[in-house]
Amino acid sequence: MSTNTTPTVDRVDAEDQAHSVFSPSSMSRILSCKASLLLPTAKTIEADNDYTTEGTIAHNLIEYCGVNNLDPVAISKQKDNEYTEEMGKDAALFLDEVDNIRESYEDAQVFFEVREIHKVVPELGGTMDCLIVTDDDLFILDYKFGAGIPVEVNGNAQLLSYAIIAMSIHGRKNCHFTVVQPRRPHADGLVRHWSPDHQEIVEFGDQLLACILWYRNEHQRITEGKSQVGDYFDLLTPTVDNCRFCDKKANCPALKFMAYKAQLMADSVDLSPDYLKWMLDNEALIRKHIDAVKDHALAVATDGVAIPDYKLITKYGRRVWTCDLKTLRTTLDELGFSSVSVGTLAKPKTPAQIEKDVPRELIAHLITAPETGTKLVPLSSYGDDLNAPDGADAFAAAMANDSK
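Residues numbered from 1 in each chain as written. Predicted model: local features only at pLDDT ≥ 70, side-chain atom pairs only at ≥ 80, totals over all residues. Heavy atoms only, no water.

Novice: How should the overall build of the chain be read in this particular structure?
Specialist: Along the chain, the regular secondary structure elements total 13 helices and nine strands. Partitioning the contacts of the chain with sequence separation of at least 6, the portion at a separation of at least 24 is 67%. As displayed, the chain has an accessible area near 22900 Å², and 51% of this comes from carbon and sulfur atoms. (Helix = DSSP H or I, 4+ residues; strand = E, 2+ residues; numbered from the N terminus. Contact = heavy atoms within 4.5 Å. Areas by Shrake-Rupley, 256 points an atom, 1.4 Å probe, with all protein chains shown as cover.)

This is the structure:
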């Protein structure tokens, strides 16, 4: 990419790009497995897990306190909010870095959770946790709340992508990167810095430009029917890191072939050392593919597509009380179970624990199991098929057929 970070490619109308194909957060995977860009995205049920929800809340705290110049530790200690004290302390660590830069540069403009799209290449865009712009410098700070995977700052493809985007808008400047990952110990500390020289950014930009041009050309060829996804099999690079957050796992020919090969190898009863090694080497990737296929199957079943021998049923969460402990205590007394402990407000007993001493049917009216979604199960499993026209219980139907 040229030194002014403006790629010499034809401008693509931003309206033609519903989302950023080249997302900075996926850039490491994209550059090492560029053919994955051409794969169709598998269907899935949109649902945040506990980790993503927690991370979103932690980022919201930083933005809220950063924009309003508030103390995140104090905010986290207030009652009736979703922030934990750990989030408050971690946010303070991040905002201290922001304040240090702000105090060192009188002309600093600070932006939190800012989404920017490359001025010329709309396929390239992303949201930065914090961008600070001065006359001569760009500071890009990235907050990693996760504790599982340590994030390196040196050579970080996500941050380099942000720099390419930011310089297309704010002009060529010195770039400085900061990763704050307070919950994952690292040899370089919880706060890590890197200031690449401009040549390093140019070299990364050239690599990115080559990938963008390749994608545009091959995507056009597929659109025109001149090639198909299978033609790019040799360019797919499935690895644990590449596949971890990839939304193409269910459709990936390389992972499909891996699962197919495992099936072929399983036809032999000989558990040779070579077979054991192959399975151990590829177990994680095969599991990722299977999990992605299951997610896709659930999504298409939710859309009303029938999957032979399977049905869609309601999924319920853990059973909980519909009343307070005082009401439960009164009910147990009336039933003649006054000796049964209901626990404390801090640690109430669960329905399952109470049912060890009290017949289930006597307290069933005080218990509910909240609906938490749907799941795909074999046709012979218990539960009403949500896709059946009359809501018939497929389990009962299967049992009736078995009795004939």
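Novice: How should I be thinking about the side chain of Ser76 in this particular structure?
Specialist: Among the secondary structure elements, Ser76 is positioned in helix H3 (residues 72-77). Note on Ser76: relative accessible area 6%, which makes it buried. Filtering out sequence-adjacent residues up to four positions away, Ser76 remains in contact with Asn81, Tyr83, Thr84, Glu85 and Gly88. (Buried < 20%, exposed > 50% of the residue type's maximum accessible area, 1.4 Å probe, protein only.)

Novice: Would you take a moment to explain the side chain of Glu97 for this structure?
Specialist: By the element assignment, Glu97 lies in helix H4 (residues 85-104). Although Glu97 is buried, it makes no salt bridge; Arg192 carries the closest opposite charge, 11 Å away. Ignoring anything within four residues of it in the chain, the contact list for Glu97 reads Leu141, Thr178, Val180, Val191 and His193. (Lys, Arg positive; Asp, Glu negative; His and termini not counted. Salt bridge = Lys/Arg side-chain N within 4 Å of Asp/Glu carboxyl O.)

Novice: Explanation requested: the pairing of strand E4 (residues 174-180) in the structure shown.
Specialist: Of all seven residues that make up E4, six are buried, and the element is covered over most of its length. As paired strands, strand E3 (residues 137-143) and E4 are joined by seven bridges and run parallel to one another. Note on E4: the bridge partner recorded for Phe139 is His176. Handedness of the crossover joining E3 and E4 through helix H5 (residues 157-170): right-handed. In this structure, E4 lies alongside strand E5 (residues 191-194), joined through four bridges in antiparallel fashion. The residue bridging Thr178 from the neighbouring strand is His193, located in E5. (Pairing = 2+ DSSP bridges. Right-handed = clockwise from strand over helix to strand, strands pointing away.)

Novice: What should I look at first to understand a negative patch on the surface in this one?
Specialist: A cluster of acidic side chains, namely Asp197, Glu200, Glu203 and Asp206, defines a negative patch on the protein surface. Residue placement: Asp197 occurs in the loop between E5 and helix H6 (198-223). (Patch = residues over 30% accessible without salt bridge, like charges linked within 9 Å, V, L, I, M, F, W, Y side chains within 5 Å. Charge placed at Lys NZ, Arg CZ, Asp CG, Glu CD.)

Novice: Is there a simple way to explain unusual backbone geometry in this structure?
Specialist: Negative phi characterises most residues that are not glycine, and trans characterises most peptide bonds. For Asn69, which is not a glycine, the phi torsion comes out positive at approximately 55°. With a relative accessible area of 70%, Asn69 lands in the exposed category. In the Ramachandran plot, Asp309 falls in the positive-phi region, its phi being about 70° despite a non-glycine side chain. Within the fold, Asp309 resides in the loop between helix H9 (273-302) and strand E6 (310-316).

Novice: In this structure, what is going on with the sheet that holds E5? I would like to understand it.
Specialist: What links the strands of a sheet is backbone hydrogen bonding, and the strands pair in either a parallel or an antiparallel sense. What the five strands build is an open sheet, ordered E1-E2-E3-E4-E5; its pairing is mixed. A single partner strand is all that each edge strand has here, and the edge strands are strand E1 (109-117) and E5. In this sheet, adjacent strand axes meet at a mean angle of 30° when their direction is disregarded. Those strands touched by H5 are E1, strand E2 (125-133), E3, E4 and E5, and its axis lies near 70° from that of E2. (Axes fitted to C-alpha atoms, helices over the stretch in contact; angles between N-to-C directions.)

Novice: Just checking my understanding: could you explain a nonpolar patch on the surface for this structure?
Specialist: Among the surface-exposed residues, Phe233, Phe257, Tyr260 and Leu264 lie close enough to one another that they form a single nonpolar patch of about 390 Å² accessible area. If you trace the backbone, Phe233 turns up in the loop between H6 and helix H7 (240-243).

Novice: Just to check I follow, could you spell out the pattern of salt bridges for this structure?
Specialist: Where side chains of opposite charge bring their charged atoms close, a pairing between them can arise. The tally for this structure, following the rule as stated, stands at 14 salt bridges. Measuring nitrogen to oxygen at the nearest pair gives 3.5 Å for the salt bridge that ties Arg102 to Asp99. Remark: Asp99 and Arg102 occur in helix H4; sequence separation between them is three residues, near one turn of the helix. Owing to a relative accessible area of 35%, Arg102 belongs among the partly exposed residues under this scheme. One salt-bridge network, in which partners are shared between bridges, spans Glu54, Glu86 and Arg183.

Novice: Can you help me understand the confidence of the model for the chain in this one?
Specialist: Reading fine detail from the predicted coordinates is not recommended where pLDDT is low. Of the residues in the chain, 89% have a pLDDT of 70 or more, and the chain-wide mean is 88. Across residues 1-18, where pLDDT falls below 50, the model places 37 contacts with residues more than four positions away in sequence or in other chains. Segment residues 398-404: pLDDT under 50, and one contact once partners within four positions in sequence are set aside and those in other chains are kept. (pLDDT = per-residue confidence, 0-100.)

Novice: Just checking my understanding: could you explain the environment of Cys246 for this structure?
Specialist: Here Cys246 shows up in the loop between H7 and helix H8 (253-266). For Cys246, a relative accessible area of 10% corresponds to the buried category. The spacing of Cys246 and Ile30 is 216 residues in sequence and 9.4 Å in space, taken between C-alpha atoms.

Novice: Looking at this model, I keep getting lost on the packing of aromatic side chains. Mind explaining?
Specialist: One pair of aromatic rings is described through two measures. These are the centre distance and the angle between the planes. Per the stated rule, a full pass over the model turns up seven aromatic pairs. When the ring of Trp214 is compared with that of Tyr232, the centres are 5.9 Å apart and the planes differ by 85°; the resulting orientation is edge-to-face. Of the two residues, Trp214 is situated in helix H6 and Tyr232 in the loop between H6 and H7; the sequence distance between them amounts to 18 residues. Exposure class is identical for Trp214 and Tyr232. Each is buried. If you follow Arg183 out to its NZ or CZ, it ends over the ring of Phe145, 4.3 Å from the centre. (Phe/Tyr/Trp six-rings, centres within 6.5 Å; stacked < 30°, edge-to-face > 60°. Lys NZ or Arg CZ within 6 Å of the ring centre and 35° of its normal.)

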